[in-house]
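As a plain string of letters, each chain reads:
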Protein chains: 2
Amino acid sequence: MSVSVKDVAARAMVSVGTVSNVLNRPDKVAPDTVTRVQAAIVELGFVRNDAARQLRDGRSRSIGLIVLDVANPFFTDIARGAEDRAAEAHLTVLLGNSDENTARETSYLDLFEEQRVHGVLISPLGDVRARLERLRLRGTPTVLVDRQTDDKSFSSVAVDDVAGGTLAVSHLASIGRRRIAFVGGPGSIRQVADRFIGARTAAKATAGMTLEVISTDALTVLEGRAAGQAIMAREPAERPDAIFAANDLLALGVLQALNMAGVSLVPQEIALIGYDDIAFASAAVVPLSSVRQPSELIGSTAVDLLLREVAGGDEFAHEQIVFQPELVVRDSTAG
Amino acid sequence: MSVSVKDVAARAMVSVGTVSNVLNRPDKVAPDTVTRVQAAIVELGFVRNDAARQLRDGRSRSIGLIVLDVANPFFTDIARGAEDRAAEAHLTVLLGNSDENTARETSYLDLFEEQRVHGVLISPLGDVRARLERLRLRGTPTVLVDRQTDDKSFSSVAVDDVAGGTLAVSHLASIGRRRIAFVGGPGSIRQVADRFIGARTAAKATAGMTLEVISTDALTVLEGRAAGQAIMAREPAERPDAIFAANDLLALGVLQALNMAGVSLVPQEIALIGYDDIAFASAAVVPLSSVRQPSELIGSTAVDLLLREVAGGDEFAHEQIVFQPELVVRDSTAG
DNA sequence: TCGGGCTATTGAAACGACTCATTCGCATCG
DNA sequence: CGATGCGAATGAGTCGTTTCAATAGCCCGA
């Protein structure tokens, strides 16, 4: 059925070893032999069988990436950064979407383990530490993405979410807002928790500021809309005068809800700021203020760290890289 | 290093064949043997090596999906639909992003071929027919996504883009617009070409309607913004009174540009309609009218067709499925 | 007690590429 | 003319799983 090195060897009248050499170290083979073998390859339409290669050297040429939500441009940007850097190292990225669901997260880890993946990049959801330790014992290193570890046992690439939260709420304070609502959840997601901590810090530092939490079940446009509707259901006096949403998807949802109410409340009545600065933020009903993270850079850096771990072996000092977020002010927090 | 069936067999004091049977047909094995083997598996932390399985049965348990742009929510939706359906059949989806770039497209096809992928779903860019024929000869069927074939030699799932184009422009006509601009490109992308054809048809059917083309190099927010700026650079009298953008990303970009100009021109001066109805369309500065496609359904249907081809063997009658698009009217074409 | 009919288990072969110790052929040198 | 050195080519063995024909063991009926 499928053409194998053996067929190529037969046709070129050389041994399989030579074919393999032509494929992998052509300089070790006499020029005319190379030509002959390559001709045979073309004539027969030979294509390497990756499974056989993988079997032989015990690991695949892919790295697994598990993100919380592919529908979130922040993560597709990370994926793109990772993919580009991986391609330079002749590696492929397998993209898994945990969808903020631990079962899916686990099932992707299972898959990656069966595939003997080169390494794993993960934006973890549940408590996967034990799992990752096991992978490491097997020789598959992990880099945590968008998350710092408490201990130093893993490499990680993250953005300082506490600082980001502070950035957002300080900004709201600076435009005179005092009754802040934090929209986000579940709190088990570390990014959400940290952004809230940062927000709380800033709130405490501001005289007369109150901070309430409106919690959501996921970081999606839909959940944001629900939160926005809950706010609009209140008496106007009971509403916050500023909202900090844990990410842009939520913020856009909130914005939709506030706008469906008819009058345009943002930013006069209610200021709104999101997080991630996805491409759509600037195109929103009211261009959205946000906290920008260097997403592609996160992805490519994660791959760099991973490759370093792969090369370094066990006795590698894990590295924790933390980027700083950046405030982006637009109309939604004007005045 | 890695634990193999052999180790499990030794520990459970059975043969490797029996371990394999426990893994694949536990009903053929005596109950207490099953228990013993499973215990050994847990104790040793055995995980199947996928490469070896693939090598054995000649193909992987993945299907390859090549899309034009992962940053476009339309395609991530398709991917999600495909992934869910594939998971039901215990298959994985490898997502490749051609980025509207034939070199990348080819390189993903190479990769999938080396991986002996189960089948390929592709939203083709260049002329890949020959390539796909070759894959088919190797036993790897293809389903074209978001594209109908001219001949009937491939299965395909598509949406009637000509109808969609007509839908959009007829709608613009119905709200009294006559000087239409079509923003889109490159024309080599079939979706773009078809939507334009549909637009032209509708334009011709409308008395006094003119249709100009403002062409772009890609279907991105950035390109859309450039097109919008080009329009704003004109004398107001020279500007169109309605814009049909080939997709929502472009439309959002155009919208940004028109809005940066300060005054809010949409929809009074210029009506705007996009295509795809991505989730962000309704959250735009001016909620965007669009033409909706059933994206997740496209993805899952494509996998269905693919599986049918895999099962059906060579003598399978290829199926062409065409969905109808649907007009979604929002503020950007109000009045 | 022997044989037939079961079920449970075995173990070797096969999948395809890669590696590496070995061999081959040839030219150069003493 | 034999020894030495060197580049080129070889081919068996390996990776881990699955398959399948063959075997082992067992019970039951004749």
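Predicted, not measured: the structure shown is a model, and the values here were computed from it.

Talk me through the domain arrangement of chain A; I want residue IDs and the actual numbers.
When the parts of a complex come together, some accessible area is lost, and that lost area is often used as the size of the interface. All names here are of chain A. Split by domain assignment, chain A resolves into domain 1 (5-48), domain 2 (59-159 + 295-324) and domain 3 (161-293 + 328-334). Relative to domain 3, the C-alpha centre of domain 2 lies at a distance of 29 Å. Each partner contributes to the interface: domain 2 provides 14 residues, whereas domain 3 provides 16 residues. With both sides pooled, the region where domain 2 packs onto domain 3 buries about 1,200 Å², and carbon together with sulfur makes up 47% of that total. Of all residues in domain 2, Phe74, Glu100 and Val159 bury the most surface against domain 3, accounting for 36% of the area lost on that side. Put simply, domain 2 and domain 3 have 0 salt bridges between them.

Which residues make up unusual backbone geometry, and what values do they have?
All names here are of chain A. Residue Pro186 follows Gly185 across a cis peptide bond; omega there is -5°. Its location among the elements puts Pro186 in the loop between strand S6 (179-184) and helix H9 (190-204). For Met13, which is not a glycine, the phi torsion comes out positive at approximately 60°. Along the polypeptide, Met13 turns up in the loop between helix H1 (5-12) and helix H2 (16-24). Judged by relative accessible area, Met13 falls into the exposed class, the value being 69%. Even without glycine at this site, Asp276 takes up a positive phi of about 115°.

Which residues make up helix H4 (residues 50-57) of chain B, and what values go with them?
The set of residues buried in H4 of chain B consists of Asp50, Ala51 and Gln54 of chain B. For H4 of chain B, the angular spread of buried residues about the axis comes to 100°, placing them on one side. Packing partners of the buried residues in H4 of chain B comprise helix H4 (50-57) and helix H6 (102-114) of chain A. Between the side-chain oxygen of the N-cap and the backbone nitrogen of Ala51 of chain B there are 2.8 Å, and the N-cap of H4 of chain B in question is Asn49 of chain B. A positive backbone phi angle near 75° is found at Gly58 of chain B, which sits one or two residues after H4 of chain B.

With reference to specific residues and values, describe the sheet that holds strand S4 (residues 142-145) of chain B.
Residue and element names in this part refer to chain B. Pairing in this open sheet of 6 strands is parallel, and the strands run S2-S1-S3-S4-S5-S11 from one edge to the other. Looking at the sheet topology across the chains shown, the edges are occupied by strand S2 (92-97) and strand S11 (320-323). Strand-to-strand twist of the sheet, defined as the mean angle between neighbouring strand axes without regard to direction, takes the value 15°. Both S4 and strand S5 (residues 155-159) contribute to a ladder of 3 bridges, which runs parallel.

Provide a residue-level description of the pattern of salt bridges, including the pertinent values.
Residues and elements named next belong to chain A. Summed over the entire model, instances satisfying the criterion amount to 43 salt bridges over all chains. Of the charged contacts, one joins Glu113 and Arg131 as a salt bridge, the two residues approaching to 2.8 Å between their closest N and O atoms. Taken together, the residues span a long stretch of sequence, with Glu113 in helix H6 and Arg131 in helix H7 (residues 129-137) at a distance of 18 residues. A single burial state applies to Glu113 and to Arg131, both of which are buried. Among the ionic pairs, Asp241 bridges to Arg179, the shortest N-O distance being 4.0 Å. Of the two residues, Asp241 sits in the loop between helix H10 (221-232) and strand S8 (242-245) while Arg179 sits in strand S6, which places them 62 residues apart along the sequence. Assessed through its relative accessible area of 12%, Asp241 is described here as buried. One connected set of salt bridges, linked through shared partners, spans Asp110, Glu113, Arg131, Arg134 and Arg138.

Rules behind the numbers
Residues numbered from 1 in each chain as written. Chains lettered and ligands numbered in written order. Predicted model: local features only at pLDDT ≥ 70, side-chain atom pairs only at ≥ 80, totals over all residues. Heavy atoms only, no water. Domains from an automatic or database assignment. Contact = heavy atoms within 4.5 Å. Buried area = accessible area lost by both parts, 1.4 Å probe. Salt bridge = Lys/Arg side-chain N within 4 Å of Asp/Glu carboxyl O. Helix = DSSP H or I, 4+ residues; strand = E, 2+ residues; numbered from the N terminus. Buried < 20%, exposed > 50% of the residue type's maximum accessible area, 1.4 Å probe, protein only. Arc of directions from axis to C-beta. Polar contact = N/O pair within 3.5 Å; in protein donor to acceptor, adjacent residues only side chain to side chain. Pairing = 2+ DSSP bridges. Axes fitted to C-alpha atoms, helices over the stretch in contact; angles between N-to-C directions.

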